[in-house]
Amino acid sequence: MIKHNELITSDDGSHTLISEQFGVSYHSTHGALQESITVFLAAGLHYARHNFLSEIKVLEMGFGTGLNALLTLMEAEKYRRVVRYSTLEAYPITEIQADTLNYIDILNSPQHAEHFKTMHAAKSDQRVELTKYFSFNKHLTKIEDFHPVGKYNLVYYDAFAPTTQPELWDDAMMKRIYDLLEDQAVFVSYCAKGSFKRALKAAGFILEPLPGPPGKREMTRAIKKVVRSID
Ligand SMILES: C[S@@+](CC[C@H](N)C(=O)[O-])C[C@H]1O[C@@H](n2cnc3c(N)ncnc32)[C@H](O)[C@@H]1O
């Protein structure tokens, strides 16, 4: 049976969904768009854009509505930076539900309507060049079963909260993510829970707490800094 997620409008006018399966919202109800912009674009993508010379290799945990992916595509176009986007999704929403989301309208970007549709329709494990600057690969798998070959330099960690899926925020998971990253890679998440921050530290990340989006005091940015011993 296909599960039905309820569509709601968050405080900034952008839509989000309430997961039928997990009983929680896909974004902050204080503003879905504001959350994506503050956490994933401003603290993550812009940091990467300023700090990395090479292409930006994003790993997103939780494709969900595709809002983060759409915003990232728009930024890649705006700044003409090559972004290689990989995203994980174990419980995809339907293309019909994706069509009801108001992101293209609210972002006033009809030129990206087809890109957004293509992302939602994309088959698993097939990279598509959506624009000159943005390629996209959606892995329809659980993160627990994901074993990529290459490494990433930017992580959007956008799983449902630790209260809902604690197994996605523990020491073992943060160590797994750490091992998927290049040296100097940046990891961002809306979550700032103490046990999660301790898991990141234990994995080897250097933490940079930042002010959160509306409704949240703090968010987390973490950097992988490999310490090399000198013989
Ligand atoms: C907070 S939502 C992601 C929101 C999304 N980034 C967006 O822009 O709309 C979390 C997502 O993680 C997915 N998910 C839950 N458990 C998962 C798992 N074990 N592996 C991969 N994806 C999972 C859910 O189906 C949901 O789409």
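Since the model is a prediction, treat every value here as computed from it, not as a measurement.

Peer 1: Could you clarify how one ought to interpret the sheet that holds strand E6 (residues 134-139) in this entry?
Peer 2: Within a sheet, each strand pairs with its neighbour through backbone hydrogen bonds, oriented either parallel or antiparallel. The eight strands are arranged E5-E6-E4-E3-E7-E8-E10-E9 in an open sheet whose pairing can be described as mixed. Of all the strands in the sheet, the pair left with one neighbour each is strand E5 (128-129) and strand E9 (205-211). Running over the sheet, helix H6 (residues 171-179) touches strand E7 (152-157), strand E8 (181-189), E9 and strand E10 (218-224) and is turned about 135° from E8.

Peer 1: Just checking my understanding: could you explain the environment of Ile-37 for this structure?
Peer 2: Here Ile-37 lies in helix H1 (residues 32-51). Sequence-wise, Ile-37 and Asn-68 are 31 residues apart; in three dimensions their C-alpha atoms are separated by 8.2 Å. Apart from residues lying up to four places away in sequence, Ile-37 is in contact with Ala-42 and Leu-71.

Peer 1: Sorry if this is basic, but what is going on with the site of the ligand here?
Peer 2: If you check the shell around the ligand, you find 17 residues, and the closest are Gly-62, Gly-64, Thr-65, Ala-90 and Tyr-91. Counted by class, the shell around the ligand contains eight nonpolar, five polar and four charged residues.

Peer 1: Explain the pairing of E7 here, please?
Peer 2: Among the six residues in E7, six count as buried, and that is most of the element. For strand E3 (residues 56-61) and E7, the ladder comprises four bridges, and the chain directions are parallel. Residue pairing across strands places Leu-59 opposite Val-155, the latter belonging to E7. Taken together, the five bridges between E7 and E8 define a ladder with parallel strand orientation. In the sheet register, Val-155 faces E8, and the bridge partner there is Phe-187. Viewed along the sheet, the connection from E7 through H6 into E8 turns out right-handed.

Peer 1: Help me out: how do you make sense of H6 in this one?
Peer 2: Residue pairs three or four apart in sequence face the same way in an α-helix, which turns once every 3.6 residues. Listed as buried for H6 are Met-173, Met-174, Ile-177 and Tyr-178. In an axial view of H6, the angular spread of the buried residues amounts to 140°, which keeps them on one side of the axis. Counted as exposed and oriented over 90 degrees from the buried face of H6: Ala-172 and Asp-179. Buried-residue contacts for H6 involve E7, E8, helix H7 (194-203), E9 and E10.

Peer 1: I'm lost on the nonpolar core in this one. Help?
Peer 2: Within soluble globular proteins, side chains that are nonpolar generally end up buried alongside one another. In terms of nonpolar packing, the biggest core is built from 56 residues, with Val-58, Leu-154, Val-155, Phe-187 and Val-188 touching the most fellow members. Once residues within four sequence positions are removed from consideration, Val-188 is found in contact with Val-39, Phe-40, Ala-43, Gly-44, Val-155, Tyr-156, Tyr-157, Thr-220 and Arg-221.

Conventions we followed
- Residues numbered from 1 in each chain as written.
- Predicted model: local features only at pLDDT ≥ 70, side-chain atom pairs only at ≥ 80, totals over all residues.
- Pairing = 2+ DSSP bridges.
- Helix = DSSP H or I, 4+ residues; strand = E, 2+ residues; numbered from the N terminus.
- Contact = placed C-beta atoms within 7 Å.
- Axes fitted to C-alpha atoms, helices over the stretch in contact; angles between N-to-C directions.
- Near = placed C-beta within 6 Å.
- Nonpolar A, V, L, I, M, F, W, Y, C, P; charged D, E, K, R; others polar.
- Buried ≥ 20, exposed ≤ 12 C-beta atoms within 10 Å, placed from the backbone.
- Right-handed = clockwise from strand over helix to strand, strands pointing away.
- Arc of directions from axis to C-beta.
- Core = buried A, V, L, I, M, F, W, Y, C linked by C-beta atoms within 7 Å.

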